[in-house]
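A structural walkthrough
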Amino acid sequence: MTCKEVVELMTDYLDGMLSTRDRARFEEHMTGCDGCKAYLSELRTARMLMGRVASEPVPEPLKAELMSAFRNWKSS
Amino acid sequence: MTMSVSLFSSLPPLSQGRSPYPGPRVVREPIDRDLDALRSGGEAAFEALIGRYHGPMMRLAMTYLRDRGAAEDAVQETWLTCLKTIERFEGRSSFKTWIFGILLNVARARRRKESRILPFTALLRRVTGEGRGPTVDPHRFGGDGLWSDPPDNWSNIPESRLLDRETIDHVRAAIEELPAKQREVVILRDVAGFDAGEVCALLAISAANQRVRLHRGRAAVRKMLEEYLK
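Note that the structure is predicted; figures quoted are calculated from it, not measured. (Residues numbered from 1 in each chain as written. Chains lettered and ligands numbered in written order. Predicted model: local features only at pLDDT ≥ 70, side-chain atom pairs only at ≥ 80, totals over all residues.)

**Brief notes about the overall build of chain A**
Each helix and strand in chain A was counted, giving five helices and zero strands. Along its sequence from the N terminus, chain A presents helices and strands in the succession α-α-α-α-α. In terms of overall size, chain A is more extended than a compact globule, its C-alpha atoms giving a radius of gyration of 22 Å where 76 residues would be expected to give roughly 11 Å. Its C-alpha atoms give chain A principal-axis dimensions of about 60 × 25 × 15 Å. (Helix = DSSP H or I, 4+ residues; strand = E, 2+ residues; numbered from the N terminus. Rg over C-alpha atoms; globule rule 2.2 N^0.38 Å.)

In structure tokens, the structure reads:
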């Protein structure tokens, strides 16, 4: 496998979707390739940072509306 | 508006690998903490629930709608629909999958209404541009397919810089710039934390489509980070 091929398989690799044979070839390439190791590590970092985008406070007016709806639902 | 709340009633159970160690058959009743929080919890539990999902829900709604206000309205309608219909929720998917399914229905319905008001070109950019071809600039490889211009190593970048607010803001902006089909998959997988099978079911797309869109989206966000962190 070449680096050009390996970079396109990285999401499949991370999701465990490569066949046993392709996984072995992928990992064999990775062992000796610092560029691909760096690329995979960066994709993981990008994924981790995207997980941090999630946090966002609920605006107070929306929270008040939803809490009021919740109270009505609980009491009904 | 009629809301399909049984959207996932025909879903097969989420795929679970066969255990290599056959043992006694144990029937496990999965615990859905979100559902418990809603049904049995008090106000604090509900407040925590809406807080936990607000960010991913807003990001997903904004894939379909024109601005934050419209996205907030969609999130609000989603929770109100949830409270109205929770008694009919059969638990065939997780509560989280169910609530995001409602949000997708609400946001798409609102988008259809918007599209009757907004000029066509305003919406066009949101649906096109799925993209084909390599995700890394071919000029970065030599004729032998090996790196000629390898990626920088980020291991020397201090964690404080990687995790600072400005970096996260750049990541958020990069996600918002993705073509819509990549963006919705990236948001569901990497922002909201769904697994591949759940995303395929939510968006009614094949496993191969899901992987292609996710890979292209992640590669684009990585590329933006590479430029930003240089």
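**Describing the environment of A48(B)**
Residues and elements named next belong to chain B. Checked against the element boundaries, A48 lands in helix α2 (residues 43-64). Since 13 C-beta atoms lie within 10 Å of it, A48 is described here as partly exposed. Taking the C-alpha atoms as reference points, A48 and F95, 47 residues apart in sequence, are found 15 Å from one another. (Buried ≥ 20, exposed ≤ 12 C-beta atoms within 10 Å, placed from the backbone.)

**Let's talk about the interface of chain A and chain B**
Counting residues at the interface gives 37 residues for chain A and 46 residues for chain B. Listed by contribution, the elements that provide at least two residues to the side of chain A that touches chain B are α1 (3-8), α2 (10-14), α4 (34-52) and α5 (60-75) of chain A. For the side of chain A that touches chain B, the element with the highest residue contribution is α4(A), accounting for 14 residues. (Contact = placed C-beta atoms within 7 Å.)

**Comments concerning helix α7 (residues 165-177) of chain B**
Its 13 residues give α7(B) an end-to-end C-alpha distance of 18 Å, which sits within 8% of 18 Å, the value for a rise of 1.5 Å per residue. V171(B), R172(B), A174(B) and I175(B) are the residues of α7(B) that are buried. Down the axis of α7(B), the sector holding all buried residues measures 160°, keeping them to one side. Projecting away from the buried face of α7(B) at angles above 90 degrees are the exposed residues R165(B), E166(B), D169(B) and E177(B). Residues of α7(B) that are buried make contact with α4 of chain A together with α2, α8 (180-191) and α10 (207-229) of chain B. (Expected span 1.5 Å × (residues − 1). Arc of directions from axis to C-beta.)

**Considering the environment of G197(B)**
Among the secondary structure elements, G197(B) is positioned in helix α9 (residues 196-203). Each C-alpha atom of the pair G197(B) and F141(B) lies 33 Å from the other, and the pair is 56 residues apart in sequence.

**Quick notes on the nonpolar core**
The biggest cluster of nonpolar side chains holds 66 residues, and the ones touching the most others in it are M50(A), A61(B), L103(B) and I175(B). Sequence-distant contacts of M50(A), that is, excluding residues within four places in its chain, are made with V171(B), I175(B), V186(B), D190(B), V191(B) and V221(B). (Core = buried A, V, L, I, M, F, W, Y, C linked by C-beta atoms within 7 Å.)

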